[in-house]
Amino acid sequence: MWRATRQEEMSGSNSRGQVNGDGPEPRSKLNLAAKPFMLPSRRTSAAPSSSQGDSNGSSNSSSKIQDIAYIGPTHLPVNTRVWNSISSFSLEDIARTVPPARPAQSQIINVFPSNGPPATASCLKSPFQNPASQTSQFPFGPILLDNGVIQLRLRDSITVDMTVEGSVKVVNGNHNIAIAVSSDTMATAMHHPNGIVFQNGPRVDIAAVDARRKYPYIRFAKMWQKGISLTSARCALIYLVDAAGTRTTSDMISMDMEADYVNQVFFNGVVPAAHNYVDQWQIIRSSSYQLGQEGSLLFQVNGFRITQGGDGLVKISRSNNRCSIRTSPTNGCATVTTNAIHCTASLGTSSHLFVR
């Protein structure tokens, strides 16, 4: 009897000890069988305030977009708070808040002027009759295209286009080189794998790139009446070099990398002719050519003296004023000289782009 009573007391004390036993009552109990407690996920559409940040102290993505501005011709992203604290220029005047669209191709675009449709369908019959031209793809001598352009097709994928007004364009198909000079020689453009040069009156815009590197580093320059402005693809500032020295400037360099400056210069001031093309035919009929030693050729077309040596080097000069163009299909060199500009470029051992 005593043992049963003692057992009941012990069992009762044990069961009660878990609830009303000695010591403080536990505030919480761990239930291992219960499911783990998880915070509800936040809605991604709800954007927190700009003053809040994550555990690392960084702001959210929406505030980052609002705090970024794009400056310069290369649209370099900068922090608006840092810029406003160190610069006296307002971002509303020299920057944009919308990210620029990335081009599908390289920034140095392919400004390769079209040579026109095949000769059998787009050009009239050439007055020069050469026995070798019957078996060749293109006729020998100057031809007339449907758009009124007089074209001379030389060896090694080099073509020379001329208009009645006197503008000229040279295309070196082997190295993607194109040069154009307007009829009054006041505008010049050259596309080269090392860069693009566009001269219009007293102003010259330049975009230079080293074509021999895998990842080109583009540099921009502008020659004008104030001096020379310089910047690059990875620089947010524009520097001006003049007689007073070098300093930063707010003048922008508006070089459009998607523009075809070569054809703009070539067709500048060209008046569309009638369908009979009387003037063009007269120029072609009055043209002449000579065969020289070692396979050299000499053409006299529309006041231009066009020569091609045995090595493929092409030289073009105009008799009435100072205009000279040279290009080679072997080393990718190109030179254009007028009364306003002198520019040379090459892909050889001394790869360069020089403008004066």
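Scroll up a little and you will see the structure.
Bear in mind that the values here come from a model prediction, so they are computed numbers and not experimental data.

J.: It is not clear to me how the packing of aromatic side chains should be interpreted in this structure. Could you clarify?
T.: Each aromatic ring pair is described using two quantities: the centre-to-centre distance and the angle formed by the ring planes. In the structure shown here, the tally under the stated rule is 3 aromatic pairs. Seen from their ring centres, Phe198 and Tyr261 are 4.5 Å apart, and the 25° between their planes marks the pair as stacked. Of this pair, Phe198 sits in strand S10 (residues 195-200) while Tyr261 sits in helix H6 (residues 261-266); the two residues are 63 residues apart in sequence, bridging distant segments of the chain. Comparing Phe198 with Tyr261, the two get one shared label, buried. Ring centres 4.8 Å apart and planes at 75° place the aromatic pair Phe266 and Phe267 in the edge-to-face group. The exposure class assigned to Phe266 is buried, which follows from its relative accessible area of 0%. Looking at Lys169, its charged tip hangs above the ring of Phe266, at a distance of 4.9 Å from the centre.

J.: Help me understand the pairing of strand S1 (residues 68-71), please; the structure alone is not making it clear to me.
T.: Regular strands place their side chains on alternate faces of the sheet. Direction of pairing for S1 relative to strand S2 (residues 76-79): antiparallel, over a ladder of 4 bridges. The partner of Ile68 across the bridge, within S2, is Asn79. Two elements, S1 and strand S3 (residues 95-96), share 2 bridges in a ladder whose sense is antiparallel. Considered in S3, the bridge of Tyr70 is made with Arg96.

J.: Just to check I follow, could you spell out the sheet that holds strand S18 (residues 304-308) for this structure?
T.: Strands in a sheet are paired, the pairing made by backbone hydrogen bonds, and the direction either parallel or antiparallel. Judged by pairing direction, the sheet is antiparallel, and its 8 strands sit side by side in the order S16-S17-S18-S19-S20-S21-S22-S23 without closing on themselves. With partners counted over all chains shown, the strands left at the sheet margins are strand S16 (288-291) and strand S23 (352-355), one partner each. Taking each pair of neighbouring strands and ignoring which way they run, the sheet shows an average axis angle of 5°.

Procedures and definitions
Residues numbered from 1 in each chain as written. Predicted model: local features only at pLDDT ≥ 70, side-chain atom pairs only at ≥ 80, totals over all residues. Heavy atoms only, no water. Phe/Tyr/Trp six-rings, centres within 6.5 Å; stacked < 30°, edge-to-face > 60°. Helix = DSSP H or I, 4+ residues; strand = E, 2+ residues; numbered from the N terminus. Buried < 20%, exposed > 50% of the residue type's maximum accessible area, 1.4 Å probe, protein only. Lys NZ or Arg CZ within 6 Å of the ring centre and 35° of its normal. Pairing = 2+ DSSP bridges. Axes fitted to C-alpha atoms, helices over the stretch in contact; angles between N-to-C directions.

So, to be careful, I would describe these as geometric facts and stop short of saying anything about function.
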